[in-house]
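# Chain and residue survey
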Amino acid sequence: MTFEYAPAPESRSVVDIDSSYGLFINGEFVEPASNTFLKTINPATEEVLSEVAEAGKADVDAAVQAARKAYNKTWSKMAGKDRAKYIFRIARLIQERSRELAVLETLDNGKPIRESRDVDIPLVAAHFFYHAGWADKLEFAGYGPDPKSLGVAAQVIPWNFPLLMLAWKIAPALACGNTVVLKPAETTPLTALAFADICQQADLPPGVVNIITGAGETGRMLVEHPDVNKVAFTGSTEVGKAIQRAVAGTDKKLTLELGGKAANIVFDDAPVDQAIEGIVNGIYFNQGHVCCAGSRLLLQESIAEEVIDALKRRLGTLRLGDPLDKNTDIGAINSRMQLNKIEELTKSGEDEGAERWSPNCPIPDKGFWFPPTVFTNVTQAHRIAREEIFGPVLSVLTFRTPEEAVEKANNTPFGLSTGIWTDKGSRILWMANKVRSGIVWANTFNRFDPTSPFGGYKESGFGREGGVQGLGAYLHVEDPS
Amino acid sequence: MSLLPTRPLTDTSNAGLKAYLHGLPGVDAVGLEARAATLATRSIKNESKAWAIDTAISMVDLTTLEGMDTPGKVKAMCAKALHPDPTDNTCPSVAAVCVYGDLVTTAREAVGDRIHVAAVATAFPSGRASMDVKLMDTKQAVADGADEIDMVIDRGAFLSGNYSKAYDEIAAIKEVCGDAHLKVILETGELKTYDNVRRASWLAMEAGADFIKTSTGKVTPAATLPVTLLMLEAVRDFETKTGTKIGVKAAGGIKTSKDAIRYLVVVNETVGDAWLTPDLFRFGASSLLNDLLLQRQRMRDGHYSGPDYVTID
């Protein structure tokens, strides 16, 4: 007997998308001076969802000015306990509107509703709750008796976790007394605009949060604006380097959260069924559009074959398709551009002699899709073992000893995250001290919590987001990381 | 080193069993429970729900295991087992009735050979009796017409590391079962750790179990989704190794259709289609059946009826 799951789509009726959006500056939506607009589409169907303003120079100026004014007149002077009230209010509104935000995120981004509903949006609310708690306790954070805010923060975020990345940026900035100009990614602006609506609903003083939409050029103008005091960027290493060059020589404080090529290391004494889940969660979660994705699987050679067989069996049960269906595990690739990049890199994997495998899963006709893919017989020299693919593509390598596992894990220009799977606690601690990455997960992967600092080594960036360490990025202090 | 035991189990001395069972991969409790919780979010609607409800009904071992059981009670339950919904002929029978040994004759007379009769044996539920008593208990139940025996393992022996005692006991009971199917109750609520559940599962399968069963229903917690997932992984791996399919019975604490459907999802996504049959998956339950029937009626009629529209036996 076969157990087929009937379609179980989440209703779209909870969201109300306008046909066009202006810029959120000084507490209200305004038409862009640039008078240019970008379309945002549903990557699962290629349907146009809305058009959003593309902010030009005058718009960026206006947004930074509004943030400066709000900083000088209101927000920097407000007592921490009063800032906290606003941030708590935002957190509660996010919880109240969680279903709407989850559906909107899934429509605009292509990620499965199961993930936006169970992971993204709950974490967004958690980040605001956590940082609201800090707003009146900054003197106890270990940054001196009276840590001062920085001023206006220019924040540019990626498309992989649109609202969650917004939360990681805005929550600590506001808690520490800064005002914000944030630019969401050009392919996923809608939840940031819904967040602007939440700021209005929360009666946040005008100008404390400004949301300007646009593409790379808008982002460049924002981070290069002379009147911002802090730049925070999450995205590709290439753009991160350009930002660092642009910011060099100014007194802007900078944090960068860039790419990764994490090793997920499985020893022969690992809890194997959970390790398989961790491998799947590490690279196929959010279609692999995760900077800390476990894209390199390092298997102890003695168990490699069995683990690969078990992994393939498990991948056969993944359900790819309509992201709004509550039973979907793998959603759509966010954009045509990203799909092309994934296809180009996977082709290089084949050309360089690695063995490619995907489960037999039907691909929808419309939209951008890529099946979960495993490459075996990969070596450190292959491009697919070195470059960030940012897609559902796993490269499998093997090792013989713990020392070799550490060497291979570290042999990458990146250093964001590492996963270690073993029953031996002492080995976990030994490895955690040896691997050069900002995050180490032991017998789990892709777990996030607002109390835990997130950030990288080497080309994965610098600065930390979340936890008490993350506050340092928005205060006048020496960066503790 | 390998993930699954690579050799056939030839050394069944206590030392041999210990080496074998402790060589099994460990279980990470957080990860196991997270996987079960994720599977529990599957949304089963419309025709798949109707299919799942009928399948679940056909997998129920309708059970009464009380000190106050009487022939009258057992006969009534048997009637319900054969025709769970007297208003609807399309409703499937349950898989079996499950009773204490002294009521096997009554049950067999009532159901004929239309469904299975399972007897709990081996000093159920504690298992604290001499080997002779356990063997006698089993022989008598088989002689009286039980074609399924639900035995309990000696948890005391297992927890004290006396694996060979637990193993030998299962093997001996299997021997006297003859053609009757042997379900081995691990009583996971007393084994406490997931590592123990995995080891006990393999111990029972190696000793000759046809089914491994979570619980007696007399200990809390009884069946849970993570424990059942873990036991399904064990039967899946056992099949990989030996080619033999062992069944799993989740017993106790499963009360709603929603719960039952979650178990079927876990079966489907862990061991697949082949186990979605009463021959390889069962629910040990009493009150579950009525909730399945109420949901079935709702899907048929488009509205909820109420507890008086299903029978109480």
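## Side note on the overall build of chain B
Regarding its fold elements, chain B presents 13 helices and 8 strands. Relative to a compact globule of 313 residues, whose C-alpha radius of gyration would be 20 Å, chain B shows 19 Å and is just as compact. Overall size of chain B, expressed as C-alpha extent along the three principal axes, is 60 × 45 × 30 Å. By the burial criterion, 54% of the 313 residues in chain B qualify as buried.

## Digging into the interface of chain A and chain B
Taken together, the contact pairs 26 residues of chain A with 28 residues of chain B. For the side of chain A that touches chain B, the secondary-structure elements that each account for two or more residues are helix H4 (113–134) and helix H9 (272–283) of chain A. Class assignment for the residues of the side of chain A that touches chain B results in 9 nonpolar, 8 polar and 9 charged.

## Description of the confidence of the model for chain B
Scored by pLDDT, chain B comes out at a mean of 96, with 99% of its residues at no less than 70. Quick note on the complex model: pTM equals 0.96, ipTM equals 0.95.

## Side note on the sheet that holds strand E5 (residues 47–53) of chain A
Residue and element names in this part refer to chain A. Taken in spatial order, the 3 strands of this open sheet run E1-E5-E4, and their pairing is mixed. Edge positions in the sheet fall to strand E1 (20–21) and strand E4 (37–42), since each has one partner strand and no second. Here E1 pairs with E5 via 2 bridges, running parallel. Bridge pairing in E5 links serine 20 to glutamate 51.

## What to know about the environment of Leu4(B)
Residues and elements named next belong to chain B. Locating leucine 4 in the fold gives a position in the segment before helix H1 (14–22). Linking leucine 4 and aspartate 237, residues 233 residues apart in sequence, is a C-alpha distance of 7.4 Å. Setting aside chain neighbours within four positions, we find leucine 4 in contact with Asp237, Thr240 and Lys241.

## Overview of the pairing of strand E14 (residues 373–376) of chain A
Put simply, side chains in a regular strand alternate between the two faces of the sheet. All names here are of chain A. Covered by surrounding structure in E14 are Thr373 and Phe375 together with Val374 and Thr376, the residues of both alternating faces. In terms of strand pairing, strand E13 (residues 355–357) meets E14 through 3 bridges, oriented antiparallel. By the bridge assignment for E14, glutamate 355 is matched with threonine 376. Both E14 and strand E15 (residues 393–399) contribute to a ladder of 3 bridges, which runs parallel. By the bridge assignment, phenylalanine 375 is partnered in E15 with serine 395.

## Observations concerning the nonpolar core
Counting residues in hydrophobic clusters, the biggest one holds 103 residues, and the most contacted among them are Val60(B), Val97(B), Val184(B), Ala204(B) and Ile212(B). Of all the elements, helix H11 (residues 225–242) of chain B adds the most residues to this core, at 9 residues. Setting aside chain neighbours within four positions, we find Val97(B) in contact with Leu62(B), Met77(B), Cys78(B), Ala81(B), Ala107(B), Val111(B), Ile115(B), Val117(B) and Ala118(B). Within the second largest apolar cluster, 93 residues are counted, among which are Trp134(A), Ala185(A), Ile212(A) and Ile243(A).

## Some thoughts on helix H2 (residues 80–96) of chain A
Residues and elements named next belong to chain A. Between its terminal C-alpha atoms H2 stretches 24 Å, which fits the 24 Å expected from 17 residues at 1.5 Å a residue. Among all positions in H2, only Arg83, Ala84, Tyr86, Ile87, Ile90, Ala91 and Ile94 are buried. Burial along H2 is one-sided: seen end-on, the buried residues are contained in an arc of 165 degrees. Structural note: H2 exposes Lys81 and Asp82 on the side pointing more than 90 degrees away from its buried face. Along its buried surface, H2 packs onto helix H3 (98–109), H4, helix H5 (162–175) and helix H6 (190–201).

## Concerning the environment of Lys57(A)
Residue and element names in this part refer to chain A. Relative to the helices and strands, lysine 57 is located in helix H1 (residues 57–75). With 13 C-beta atoms counted inside 10 Å, the residue lysine 57 sits in the partly exposed group. Here the alpha-carbon distance between lysine 57 and leucine 345, two residues 288 residues apart in the chain, equals 36 Å.

## Let's talk about the sheet that holds E14(A)
Residues and elements named next belong to chain A. Taken in spatial order, the 7 strands of this open sheet run E13-E14-E15-E12-E11-E16-E17, and their pairing is mixed. Strands at the two margins of the open sheet, each flanked by one partner only, are E13 and strand E17 (439–442). For this sheet the average axis-to-axis angle between neighbouring strands, irrespective of direction, equals 20 degrees. Looking at chain direction, strand E11 (residues 263–266) and strand E12 (residues 296–300) are connected through 4 bridges and run parallel.

## A closer look at helix H10 (residues 194–207) of chain B
A rise of 1.5 Å per residue sets the reference length of H10(B), with its 14 residues, at 20 Å; its end C-alpha atoms lie 20 Å apart and thus fit the reference within 8%. Most of H10(B) is tucked away, with 13 of its 14 residues classed as buried.

## As for unusual backbone geometry
All names here are of chain B. Omega for the bond connecting phenylalanine 124 with proline 125 falls within 30 degrees of zero, at -5 degrees, which places this linkage in the cis form. Within the fold, proline 125 resides in the loop between strand E3 (116–121) and helix H6 (131–143). Between threonine 220 and proline 221 the backbone carries a cis peptide bond, its omega angle lying at 0 degrees. One non-glycine residue, glutamate 187, adopts positive backbone phi at about 50 degrees. At lysine 192, a position not held by glycine, the phi torsion is positive, near 70 degrees.

Parameters and conventions
Residues numbered from 1 in each chain as written. Chains lettered and ligands numbered in written order. Predicted model: local features only at pLDDT ≥ 70, side-chain atom pairs only at ≥ 80, totals over all residues. Helix = DSSP H or I, 4+ residues; strand = E, 2+ residues; numbered from the N terminus. Rg over C-alpha atoms; globule rule 2.2 N^0.38 Å. Buried ≥ 20, exposed ≤ 12 C-beta atoms within 10 Å, placed from the backbone. Contact = placed C-beta atoms within 7 Å. Nonpolar A, V, L, I, M, F, W, Y, C, P; charged D, E, K, R; others polar. pLDDT = per-residue confidence, 0-100. Pairing = 2+ DSSP bridges. Core = buried A, V, L, I, M, F, W, Y, C linked by C-beta atoms within 7 Å. Expected span 1.5 Å × (residues − 1). Arc of directions from axis to C-beta. Axes fitted to C-alpha atoms, helices over the stretch in contact; angles between N-to-C directions.

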